[in-house]
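Each chain, written out:
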Amino acid sequence: MLRVLAVDDEKPALGELLYLLRSDPRVRSADGATDATEALRRISRALDAGPDGEGGVDVVFLDIHMAGLTGLDMARLLSEFTRPPLIVFVTAHEGFAVQAFDLKAVDYVLKPVRRERLAEAVRRVCDLTISARGARQSPAAAGGAAEGAGAGSGRPAAHRTGPVSGPLVTGSTASGSAPEQIPVELGGVTRFVPIDEITYVEAQGDYARLHTPEGSHLVRIPLSTLEERWASRGFVRIHRSHLVALGRIDELRLDGGATSVRVGTAELAVSRRHARQLRELLMRRAPG
């Protein structure tokens, strides 16, 4: 059973999170801290007492926006520990997911916290904890554990989550009628987004943000890779930062020497080097 430390500087939110955690039968104990400094002291004392000592911490459920040290700051400090506890971020802000998973977070739960979503995060932590304990206790498992363990942390890397890096599409049904899809992940939940629903793609470093009428999703795939793979599906590069589905372009706008397109409510700039090709492609698609 899990020993949990929850950290949030908003007492009502902390109280609600502790209530939900304590009602989960897989949680042996759940304590709270209202700032990162207090939490780090508790974790340090627990490590000094040994893995089975009093006040041990298997996992930290951690808010991001806090006074003083933020949750991301605390996670970076914990990464320097010999055997850090696992981390689950609990936040109202979607925009820190990439940083969170870069810090090897097990999960990323959005507020307001739903009981079933928190239960899924606890399940992930339990799976990791059981795997790590089994690897430490079984010499025969040492080889397998070495393949998936993080350096010094005892965490099997195969279970870590984050923005999906592949495959680019999933298969269709046997009849071929189902649309091709791309898996996207947020907070440990994988969804399958039909490529035909994607209106445009925005480059964000080594990642790409897929925009649909319902929202956006981050994937760990370079824009150049999507450009190559999705050209046959009608996606075209209009700028170094954008890839657009031709069939989703509502307007082509010319303003002096500048070209842009409207895709739904978004207006995207078209670079000079791509403008002529885009106009030609749109003319070919025009009826009559």
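Residues numbered from 1 in each chain as written. Predicted model: local features only at pLDDT ≥ 70, side-chain atom pairs only at ≥ 80, totals over all residues. Heavy atoms only, no water.

Participant: Would you mind showing me how to read the side chain of Asp8 here?
Facilitator: Relative to the elements of secondary structure, Asp8 occurs in the loop between strand 1 (2–7) and helix 1 (11–22). In this structure the side chain of Asp8 is engaged in a polar contact, spanning 2.7 Å, whose partner is the side chain of Lys111. Excluding its chain neighbours within four sequence positions, the residues that come into contact with Asp8 are Ala13, Leu14, Ala33, Thr34, Asp63, Met66 and Lys111. (Helix = DSSP H or I, 4+ residues; strand = E, 2+ residues; numbered from the N terminus. Polar contact = N/O pair within 3.5 Å; in protein donor to acceptor, adjacent residues only side chain to side chain. Contact = heavy atoms within 4.5 Å.)

Participant: How should I be thinking about helix 3 (residues 71–78) in this particular structure?
Facilitator: Because each turn of an α-helix spans 3.6 residues, side chains separated by three or four positions in sequence point in the same direction. Three or more residues of helix 3 are buried, namely Gly71, Leu72, Met74, Ala75 and Leu78. Projected down its long axis, helix 3 carries its buried residues within an arc of 160°, all on one side. Of the surrounding secondary structure, the elements contacted by the buried residues of helix 3 are strand 1, helix 2 (36–48), strand 3 (59–62), strand 4 (86–91) and helix 4 (97–102). (Buried < 20%, exposed > 50% of the residue type's maximum accessible area, 1.4 Å probe, protein only. Arc of directions from axis to C-beta.)

Participant: Looking at this model, I keep getting lost on the sheet that holds strand 10 (residues 215–219). Mind explaining?
Facilitator: In any sheet, the strands associate via hydrogen bonds between backbone groups, in a parallel or an antiparallel arrangement. Taken in spatial order, the five strands of this open sheet run 10-9-8-12-11, and their pairing is antiparallel. Edge strands, defined here as strands with exactly one partner in the open sheet, are strand 10 and strand 11 (235–239). Pairwise comparison of adjacent strand axes, ignoring direction, gives a mean angle of 25° for this sheet. Where strand 8 (residues 200–204) meets strand 9 (residues 207–212), five bridges bridge the pair, whose relative direction is antiparallel. Bridge pairing in strand 9 links Val201 to Leu210. (Pairing = 2+ DSSP bridges. Axes fitted to C-alpha atoms, helices over the stretch in contact; angles between N-to-C directions.)

Participant: Help me understand the nonpolar core, please; the structure alone is not making it clear to me.
Facilitator: Side chains that are nonpolar tend, in soluble globular proteins, to be buried together. Val7, Leu62, Met74 and Phe89 are the most contacted members of the largest nonpolar core, which has 25 residues in total. Among the elements of the structure, strand 1, helix 2, strand 3, helix 3, strand 4 and helix 4 are those that each provide at least two residues to this core. Beyond its immediate sequence surroundings of up to four residues, Phe89 is in contact with Leu62, Ile64, Gly71, Leu72, Ala75, Ala100, Ala105, Asp107, Tyr108 and Val109. Among the nonpolar cores identified, the runner-up in size contains 23 residues, and Ala30, Val59, Val109 and Ala121 belong to it. (Core = buried A, V, L, I, M, F, W, Y, C linked by side-chain atoms within 4.5 Å.)

Participant: Please clarify how the confidence of the model for the protein should be interpreted in this entry.
Facilitator: Note: predicted coordinates in regions of low pLDDT should not be interpreted at a detailed level. With 80% of its residues at a pLDDT of 70 or more, the protein has an overall mean of 81. Of all helices and strands in the protein, the one with the weakest mean pLDDT is helix 6 (residues 142–148) (40), whereas strand 3 scores best (97). Taken together, the stretch residues 139–162 has pLDDT below 50 and engages in 40 contacts with residues farther than four places along the chain or on a different chain. Low pLDDT, under 50, characterises residues 171–178; the predicted model gives this stretch two contacts beyond four residues in sequence or across chains. (pLDDT = per-residue confidence, 0-100.)

Participant: Any chance you could explain helix 2 here in plain terms?
Facilitator: Along its 13 residues, helix 2 runs 18 Å from first to last C-alpha, staying within 8% of the 18 Å computed at 1.5 Å per residue. If you check which residues of helix 2 are buried, you get Ala36, Ala39, Leu40, Ile43 and Ala46. The buried residues of helix 2 all sit within an arc of 125° when viewed along its axis, so they share a single face. Among the exposed residues of helix 2, those pointing more than 90 degrees away from its buried face are Arg45 and Asp48. (Expected span 1.5 Å × (residues − 1).)

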